Amino acid sequence: MSSKTFYLETFGCQMNVHDSEKVVGTLVSEGYRQVETVEEADLVLYNTCSIRDKAEQKVFNRLSDYKKYKKQGKTFGVLGCVAQQEGEKIFERAPYVSLVAGSASYRRLPEMLRQLEAAESAAREIPFDRLRAGSPPAAAPPPAKAGGLPENAGLRDDASVVATAGTSAGKSGSRKPAAESLIRITGLDDRETDECFETEFTARSNPHRGYITIIEGCDKFCSYCVVPYTRGKERSRTSESVLAEARQMADLGYTEIQLLGQNVNSYKDPEGKPAGSNKNSRKTFAELLAAVGEVPGIRRVRFTTSHPRDFGRDIVDAIDAVPTLCDHVHLPVQSGSTRVLDAMQRLYTRDQYLERIAWMKAAKREISITTDVIVGFPGETESDFAATLDLLEEVGYDAVFAFKYSPRPNTPSLKLDDAIPDEEKARRLEVLMAKQREIQIASYKRYIGTHCEVMVEGKNEARAQYSGRTSHNKTLNFTAPAGASPKTGSYASILVTGSFPNSLLGELVV
Ligand code: 5AD
Ligand code: SF4
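The structure presented is a predicted model; accordingly, all values stated were derived computationally and were not measured.

Draft legend 1. Highlighting the layout of surface pockets. Approximately 340 Å³ is the volume attributed to the second largest pocket. The wall of the second largest pocket is formed by 18 residues, among which Arg52, Asp53, Lys54, Ala55 and Ser406 lie closest to the centre. Among the secondary structure elements, those contributing two or more residues to the lining of the second largest pocket are α2 (53-65), β17 (399-404) and α15 (422-444). Here the element with the most residues in the lining of the second largest pocket is α2; it accounts for 4 residues. Here the lining of the second largest pocket is composed, by residue class, of 9 nonpolar, 2 polar and 7 charged.

Draft legend 2. Main features of the pairing of strand β21 (residues 491-499). Bridge analysis of strand β18 (residues 451-460) against β21 gives 5 bridges, and the strand direction is antiparallel. Looking across to β21, one finds that Met455 is bridged to Tyr491. Sheet topology note: the β21/strand β22 (residues 503-508) ladder contains 5 bridges and is antiparallel. Paired with Ser499 across the two strands is Leu504, which belongs to β22. In textbook terms, the turn of a hairpin is the stretch between consecutive antiparallel strands, and for β21 and β22 this stretch comprises 3 residues.

Draft legend 3. Looking closely at the site of ligand 2. Near ligand 2 you find Cys218, Lys220, Phe221, Cys222, Tyr224, Cys225, Val227, Pro228, Gln262, His307 and Arg346, and these make up its full shell. Broken down by class, the residue content of the shell around ligand 2 amounts to 7 nonpolar, 2 polar and 2 charged.

Draft legend 4. Region of the structure containing the sheet that holds β17. Here we have 3 strands laid out as an open sheet, ordered β15-β16-β17, and parallel in their pairing. Edge positions in the sheet fall to β15 (328-330) and β17, since each of these pairs with one other strand and no more. Each strand axis lies, on average, 15° off the axis of its neighbour in the sheet, ignoring direction. Looking at chain direction, β15 and strand β16 (residues 368-375) are connected through 3 bridges and run parallel. Bridging from a neighbouring strand, His328 pairs with Ser368 of β16.

Draft legend 5. Representation of the site of ligand 1 within the structure. As a structural note, the neighbourhood of ligand 1 is formed by Ile51, Arg52, Tyr224, Gln334, Asp372, Ile374, Phe403, Lys404, Tyr405, Ser406 and Arg408. Measuring from an oxygen atom of ligand 1, one finds a side-chain N or O atom of Arg52 at 2.9 Å. At a separation of 3.0 Å, a nitrogen atom of ligand 1 approaches a polar backbone atom of Tyr224. Those elements giving two or more residues to the shell around ligand 1 turn out to be β16 and β17. Taken together, the residues that form the shell around ligand 1 break down as 5 nonpolar, 2 polar and 4 charged.

Draft legend 6. Highlighting the environment of Phe221. Mapped onto the elements, Phe221 comes out in the loop between β11 (215-216) and α8 (227-230). Not counting residues up to four positions away in its chain, the partners in contact with Phe221 are Pro228, Tyr229 and Gln345.

Draft legend 7. Seen up close, the sheet that holds strand β19 (residues 465-470). With respect to topology, 5 strands assemble into a closed barrel ordered β18-β19-β20-β22-β21, the strand pairing being mixed. Ignoring strand direction, the axes of neighbouring strands in this sheet form an average angle of 50°.

Draft legend 8. Highlighting the packing of aromatic side chains. If you walk through the whole model with that rule in mind, you get 10 aromatic pairs. Ring centres of Phe6 and Tyr32 lie 6.5 Å apart, and the angle between their planes is 70°; on these two criteria the pair is classed as edge-to-face. Here Tyr32 lies in the loop between α1 (14-29) and β2 (33-34) and Phe6 lies in strand β1 (residues 5-10), a separation of 26 residues in the sequence. Of the two residues, Phe6 and Tyr32, both sit in the buried class. Look at Phe285 and Phe303: their rings are 5.4 Å apart centre to centre, the planes differ by 70°, and that puts the pair in the edge-to-face class. A residue pair is termed long-range when its members are at least 10 positions apart, and Phe285 in helix α10 (residues 285-293) and Phe303 in strand β14 (residues 300-304) qualify at 18 residues. Both residues of the pair, Phe285 and Phe303, belong to the buried class. Here the aromatic residues Tyr224, Phe377 and Tyr405 are joined through ring pairs into a cluster of three or more. Positioned over the ring face of Phe403 is Arg52, at 3.7 Å from the centre of the ring. Here the basic side chain of Arg93 rests over the ring of Phe60, its NZ or CZ set 3.6 Å away from the ring centre.

Criteria and thresholds
Residues numbered from 1 in each chain as written. Chains lettered and ligands numbered in written order. Predicted model: local features only at pLDDT ≥ 70, side-chain atom pairs only at ≥ 80, totals over all residues. Heavy atoms only, no water. 1 Å grid on protein atoms, 1.4 Å probe; cavity = no way out; pocket = protein on both sides within 12 Å on 5 of 7 lines; lining within 4 Å. Points joined across faces, edges and corners; volume = space filled by probe spheres on them. Helix = DSSP H or I, 4+ residues; strand = E, 2+ residues; numbered from the N terminus. Nonpolar A, V, L, I, M, F, W, Y, C, P; charged D, E, K, R; others polar. Pairing = 2+ DSSP bridges. Near = heavy atom within 4 Å. Axes fitted to C-alpha atoms, helices over the stretch in contact; angles between N-to-C directions. Polar contact = N/O pair within 3.5 Å; in protein donor to acceptor, adjacent residues only side chain to side chain. Contact = heavy atoms within 4.5 Å. Phe/Tyr/Trp six-rings, centres within 6.5 Å; stacked < 30°, edge-to-face > 60°. Buried < 20%, exposed > 50% of the residue type's maximum accessible area, 1.4 Å probe, protein only. Lys NZ or Arg CZ within 6 Å of the ring centre and 35° of its normal.

Below is the structure:
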């Protein structure tokens, strides 16, 4: 067992946040201890996002900031989408990075960590003059014993391990300082895997609500999107395994579960792997959703994210039938113009999208609908943009996440002329957000005077206000009468007394 410490910083989406919970659990099970600052850590990891250029730049800023720490013998690793996208180029840009691994390789993380430790201890042991004597960059010799490492663990042919000498001079026979050696462990070749990253060691950061991944990767290949190239092909977990995890979480006291996937609607229950499992128990996404909602102890189930092409009416039926399924659906539209949707390779028209909205509006409970929009996609005209603005009005979203189009490596739309200047993209973004703000100001008022159930998320002591989240996924800040102090993770009934563009205000009902 190692007594090493690690620091992990996460960028990007909920999938990354949850991957990090699994990475943390895996590291802890390997004997590492998590610390809160880079200064305290032996191993510094960044779980990265490359969905837009801005997100990608963050990790390179971090790596340049922390160059000095390498001198203190810290080890750096880059995980996630930038790691997968840039691959070994990261070693060129940041030569002090020792580990580069994409999410499809996390199953092999314990093995990579052991390789890293072995290569580090080997680099410390190799006499410097031997390395300077003209030997080519050498694969780290299999260490005799490094953290219980099997003898050949450093020699997998699908992960590279290289410990080479630096070029700086040293005294003959001196030991090479670890800080100067180049150790390069990669996990980049697993994007065609059928396996998901399943681990019993997830370190969930919230004790009341938690994520469960049901599907990894994406096969949709929307023309602007880097995800199919970074997260690899679509693969689902068995419903049995998802349900087992949900039951386990309920036993631990979790009451809210969020099912995760890049496109949960294309979930395909693989044939159960445990011996004797029965083909008939395979579930559609809607059936899995309902089954998770029926796990005793679970009070709320959410899911994200959905793709309109695969979003079936059976999901709305499930929400109608199972009260624990939250009345909120995030259904990214990206554009209100069929012409642009076509260029984005989204595989649906504006009318088909609106048909799905109509299913939700006909549900027994009022379903809150939110979306993602990209402005300034190549070729988006003023009238395409006007169609998106018009769609916002027609649907009446409760929240819109809007982004300026960002050309991404490998994607088909990179070949299109990104002719819309950044200022124009920024203008469209502003116009769109201003419109959406007006829509929300008007629509959030409708809750005033009603009662909403919230899961209590915390207290702002300075304001003497609690905050909670409704089943609709809205933030509801509320006060409680003297003597009442609702606990984080509990459920409470709140009378809504006021509204803002992005949140509600209320009073605890006792
Ligand atoms: N440029 C801008 N936004 C993008 N998104 C995905 N790829 C890009 C890109 N290249 C947005 C989409 C998606 C959300 C997660 O990020 O709206 O739904
Ligand atoms: Fe990207 Fe489209 Fe897959 Fe979503 S569905 S992850 S936008 S390729």
